[in-house]
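# Structure at a glance
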Amino acid sequence: MAAPINPVASHNLPSFITAPGETDILMVVTAVILAISVLMFGILFLRLHSLPERMAHGAGKLQFEIVAVLGLIALLTHIHAFWVAALLLALIDFPDFPGWLGRITAAVERIAGLKGAGDAAPAVPDETALDAKHKAPALAPYENASRPARQKEPTHA
């Protein structure tokens, strides 16, 4: 049985006004939209916040750990300067000084005739020494195997 409408109330009620005791569809739809919006905003915020870390990790940067820590500090403290610093560090390419210095050290030791810890040739048994003469010489790690060796000019020889 439907309750009679109060004579003072307007007879043209909007469709979103529900009768007492019925489910408010508009409130349910609004709650679902609000929950989905908050979830999507949180995912977007965390993806944006981890952008410097993903950039540094994807490029294999040496400073990845520093970028990750700065991103975590920025997330927990809400100080945006840490996030900007992490983004700048993720974008900068630092030169590989340890690699260059290691190759220079190996070359100097080879020139001086010293045996380095990791660069010395292992002792080869006599049976394989004969086979090694017929094989192509091993290239140093920094030499390009696809490039042919250049001939020196007679004036420089």
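Note that the structure is predicted; figures quoted are calculated from it, not measured. (Residues numbered from 1 in each chain as written. Predicted model: local features only at pLDDT ≥ 70, side-chain atom pairs only at ≥ 80, totals over all residues. Heavy atoms only, no water.)

## So, the environment of L26
We count it as follows: We count a stretch as a helix when DSSP gives it H or I for four or more residues in a row; a strand needs E for two or more, and each element gets its number in order from the N terminus.
Within the fold, L26 resides in helix α1 (residues 25–49). Here the alpha-carbon distance between L26 and S15, two residues 11 residues apart in the chain, equals 9.7 Å.

## Remarks on the side chain of H49
Here is the rule we go by: A 1.4 Å probe rolled over the protein chains alone gives each residue an accessible area, and that area as a share of the maximum for its type sets the label: buried under 20%, exposed over 50%, partly exposed in between. In what follows, residue pairs with any heavy atoms lying within 4.5 Å of each other are defined as contacts.
You can see H49 is positioned in helix α1. The buried category is assigned to H49, whose relative accessible area is 13%. Setting aside its immediate chain neighbours within four residues, H49 contacts G71, A74, L75 and W83.

## Examining the packing of α1 against helix α2 (residues 51–59)
Inclusion rule: Only the contacting stretch of a helix is used when fitting its axis, a line to C-alpha atoms as for every element, and angles between N-to-C directions run 0 to 180 degrees. Any angle between 65 and 115 degrees counts as roughly perpendicular, while under 35 counts as roughly parallel, over 145 as roughly antiparallel, and the rest as oblique. Throughout this entry, Asp, Glu, Lys and Arg are counted as charged residues, while Ala, Val, Leu, Ile, Met, Phe, Trp, Tyr, Cys and Pro are counted as nonpolar. The remaining residues, Gly among them, count as polar.
Taken N-terminus to C-terminus, the directions of α1 and α2 make an angle of 45°; their axes are 4 Å apart at the nearest point. By the angle class used here, α1 and α2 are oblique. Packed against α1, whose contacting residues are R47, L48 and H49, the element α2 presents L51, P52 and R54 at the interface. The residue inventory of the contact of α1 with α2, partitioned by class, reads three nonpolar, one polar and two charged.

## Side note on unusual backbone geometry
Residue H78 is not a glycine yet carries a positive backbone phi of 60°. For H78, the position within the fold is in the loop between α3 (64–77) and α4 (80–91). By relative accessible area, H78 is classed as exposed at 54%.

## Regarding the confidence of the model for the protein chain
Filter applied, for reference: What pLDDT reports is the predictor's confidence in each residue, on a scale of 0 through 100.
Here the protein chain shows a mean pLDDT of 77. Residues at 70 or above account for 72%. Predicted confidence in the protein chain is weakest over helix α6 (residues 126–134), with a mean pLDDT of 51, and strongest over α1, with 95.

## Considerations on the packing of α3 against α4
In plain terms, the rule: Left-handed is the label given to a crossing in which the near helix is rotated counterclockwise from the far helix by less than a right angle, and right-handed is the label when the rotation is clockwise.
Where α3 contacts α4, the two axes come as close as 8 Å, and the packing angle between them is 160°. In terms of orientation, α3 lies roughly antiparallel with respect to α4. Crossing angle aside, the handedness with which α3 passes α4 is left-handed. Taken together, the residues of α4 that come into contact with α3 (itself represented by I66, V67, L70, G71, I73, A74 and T77) are F82, W83, A85, A86, L89 and A90. For the contact of α3 with α4, the residue count by class is 11 nonpolar, two polar and no charged.

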